[in-house]
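Notes for the structure review
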Amino acid sequence: MRTRDNGGAAAGGGLMTRDVVIVMAAGFFYMAGTMMGTTMIVGYAHELGAGGELAGMIAGTMNVVSLFCRPWGGRLSDRVPLRRLAVASLAFMIVANAGYAVAPSAGVVMAARVVNGVGFSCLSVCLAAWLTALIPLDRIGKGMGYYGLANALAMALGPATGIRLESAFGYRAAFGVAFAGMVAALVMVLTVRDDGAKRRTPPRRPEPRGSELRRAAPGNPLERVVSVRVIPVALVFMLFAIPYCATQSYIVTYVGARWLGVDVGLFFPSYAVALLVLRVVMRNMFDRWPFRRFLWLCSACMIVTLGMLAVMRDDAGLLVGAVLMAASYGLMSSVSQSAAVRLAGEGHGGRGNATYCIGLDLGMALGPIIGGQLYANLDPAWFYPALMLAVPLAVGVYLLAGRRIERR
């Protein structure tokens, strides 16, 4: 029988223990600060003299760096003390946000994005692996759903806060607040009692039929750094992340270019409220519904979301788009992460989360880059219709690999 100690969750006991709550809170603060920067970075780069395409490249640099560092972050999360890795990662992110706040040029911002990418890649995997070690595997869907809610709320409230702070006090002051968020996350990490070390080695037991890939993993170079069976889920999530991250980086610019009479600052808080309601109402479905059911629901909502943002003329259209974005990207975020943990298997939470996060990195990198290219080369009216192409591509990836996902 599995037991939990030092603030861990006992099997059959309460899921939201002290340590689980602290790790989730640390995840909220670091992600909110990161998303504040992502939302402001394009405008900040323009203010420092960067052109449209260069600003998009600066915005995507953090996630390009994170993409290359992510596999190693997964390996470290399965091998080194998680507290030590989290502290080191947060140190990188604190330095990066201090760099943003005092940057004299776009080149310095680019360098800070590189440093941020290293810290972000390791920390996001580390905290997810930490929770995987603190939560029973048979409740991982619900547990990671709550963690996904914390991250998704941060990804909504962070941009909204950044927009308000920049409008009131300027970019440098807003990055100072992001810096404070990273410091708060560091303090929280240092107070966690259980580092999950006792539960990061999978128990020895007979492997089920069809587990040849797991037994062959030590001899498979790719399997040593990523979980191969999680790659289709990561690709599906990447294609959902691209429209969201393009919106996150360019919705302010898009509304300004089209002279729309909407309050952009309402989008992310509305998204956060809708996501909170959806996660509470559907909290038990994450362990019951198959992946495909979520995929069809989220795909339909994403298409309607992008269509609504393409035709909106007032705040009502913006609010409908925000709610449906929560029902598409917001839900798919948790569904994909819990599916990745299950596919990777117990004791491989680091690699499973790292592979999922590679999809997130690609989406967060390609979203601003693709958004910059669309904004620079198309009439703004075609910005969101062009982003709709991501949805049939996501469905196509599932149709090619869905049987393996559902069987697992």
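Residues numbered from 1 in each chain as written. Predicted model: local features only at pLDDT ≥ 70, side-chain atom pairs only at ≥ 80, totals over all residues. Heavy atoms only, no water.

When helices and strands are counted, the protein chain shows 14 helices and zero strands. Reading the protein chain from its N terminus to its C terminus gives the helix and strand order α-α-α-α-α-α-α-α-α-α-α-α-α-α. With 408 residues in all, the protein chain has 57% of them scored as buried. A separation threshold of at least 6 residues defines the contact pool for the protein chain, and within that pool the share at least 24 residues apart is 84%. Counting only carbon and sulfur atoms, one obtains 66% of the accessible surface of the protein chain, whose full area is about 15900 Å². (Helix = DSSP H or I, 4+ residues; strand = E, 2+ residues; numbered from the N terminus. Buried < 20%, exposed > 50% of the residue type's maximum accessible area, 1.4 Å probe, protein only. Contact = heavy atoms within 4.5 Å. Areas by Shrake-Rupley, 256 points an atom, 1.4 Å probe, with all protein chains shown as cover.)

Moving on, we come to the pattern of salt bridges. Tallied over the full model, the rule gives two salt bridges. One salt bridge in this structure joins aspartate 19 and arginine 18, with 2.8 Å as the shortest N-O distance. When the shortest N-O distance is used, the salt bridge between aspartate 263 and arginine 164 registers 3.7 Å. Of this pair, aspartate 263 sits in the loop between helix H8 (231-257) and helix H9 (267-281) while arginine 164 sits in helix H5 (residues 140-169), and the two are 99 residues apart along the sequence. The class of aspartate 263 is partly exposed, set by a relative accessible area of 31%. (Salt bridge = Lys/Arg side-chain N within 4 Å of Asp/Glu carboxyl O.)

So, on to unusual backbone geometry. In this structure, tryptophan 259 takes a positive phi of about 55° despite not being glycine. Note that tryptophan 259 resides in the loop between H8 and H9.

Attention now goes to the side chain of serine 334. Looking at the element boundaries, serine 334 is found in helix H11 (residues 315-344). Residue serine 334 is classed as buried on the basis of its relative accessible area of 1%. With residues near it in sequence (within four places) discarded, serine 334 still touches Met144, Gly145, Gly148, Leu149, Arg279 and Phe286.

Two elements in contact, helix H1 (residues 18-47) and helix H3 (residues 82-102), have axes whose closest approach is 12 Å; the angle formed by their N-to-C orientations is 30°. Viewed along their axes, H1 and H3 adopt a mutual orientation that is roughly parallel. Crossing of H1 against H3: the hand is left-handed. Here Tyr30, Gly33, Thr34, Ile41 and Tyr44 of H1 lie close against H3, whose contacting residues are Leu90, Met93, Asn97, Tyr100 and Ala101. Of the residues contributing to the contact of H1 with H3, the split by class is seven nonpolar, three polar and no charged. (Axes fitted to C-alpha atoms, helices over the stretch in contact; angles between N-to-C directions. Parallel < 35°, antiparallel > 145°, perpendicular 65-115°, else oblique. Left-handed = near helix turned anticlockwise from the far one by under 90°. Nonpolar A, V, L, I, M, F, W, Y, C, P; charged D, E, K, R; others polar.)

The next point concerns the nonpolar core. Counting 126 residues, the largest nonpolar core has Tyr30, Trp130, Phe240, Tyr271, Tyr329 and Tyr384 as the members making the most contacts within it. Residue contacts for tyrosine 384: discarding those within four places in its chain leaves Thr247, Ile251, Tyr254, Leu306, Leu309 and Ala310. (Core = buried A, V, L, I, M, F, W, Y, C linked by side-chain atoms within 4.5 Å.)

In regions of low pLDDT, the predicted coordinates are not meant to be interpreted in detail. Here the protein chain averages 81 in pLDDT, while 84% of its residues score no lower than 70. With pLDDT under 50 throughout, residues 1-13 is counted as low confidence; its partners more than four residues away or in other chains account for 33 contacts. Taken as a whole, residues 201-218 scores under 50 in pLDDT and shows 17 contacts with residues more than four places along the chain or in a different chain. (pLDDT = per-residue confidence, 0-100.)

Our next topic: the packing of aromatic side chains. To describe a pair of aromatic rings, you give the distance between the ring centres and the angle between the ring planes. Evaluation of the coordinates by the stated rule reveals 18 aromatic pairs. Between phenylalanine 267 and phenylalanine 268 the ring centres are 5.1 Å apart and the planes differ by 85°, which places this aromatic pair in the edge-to-face class. Relative accessible area serves as the criterion here: at 0%, phenylalanine 267 is assigned to the buried category. For the pair tryptophan 289 and phenylalanine 294, a centre-to-centre distance of 5.1 Å together with 50° between the ring planes defines the contact as tilted. The class for tryptophan 289 is partly exposed, based on a relative accessible area of 27%. These aromatic residues form a ring-pair network of at least three members: Phe237, Tyr244, Tyr271, Tyr329 and Tyr356. The ring centre of tryptophan 289 lies 5.1 Å from the NZ or CZ of arginine 293, which sits over that ring. (Phe/Tyr/Trp six-rings, centres within 6.5 Å; stacked < 30°, edge-to-face > 60°. Lys NZ or Arg CZ within 6 Å of the ring centre and 35° of its normal.)

Relative to the assigned elements, glycine 371 resides in helix H12 (residues 349-377). Relative accessible area serves as the criterion here: at 0%, glycine 371 is assigned to the buried category. Separated by 124 residues in the primary sequence, glycine 371 and threonine 247 place their C-alpha atoms 7.9 Å from one another. With sequence-adjacent residues up to four places away left out, glycine 371 is seen in contact with Ala246, Tyr250, Leu366 and Phe383.

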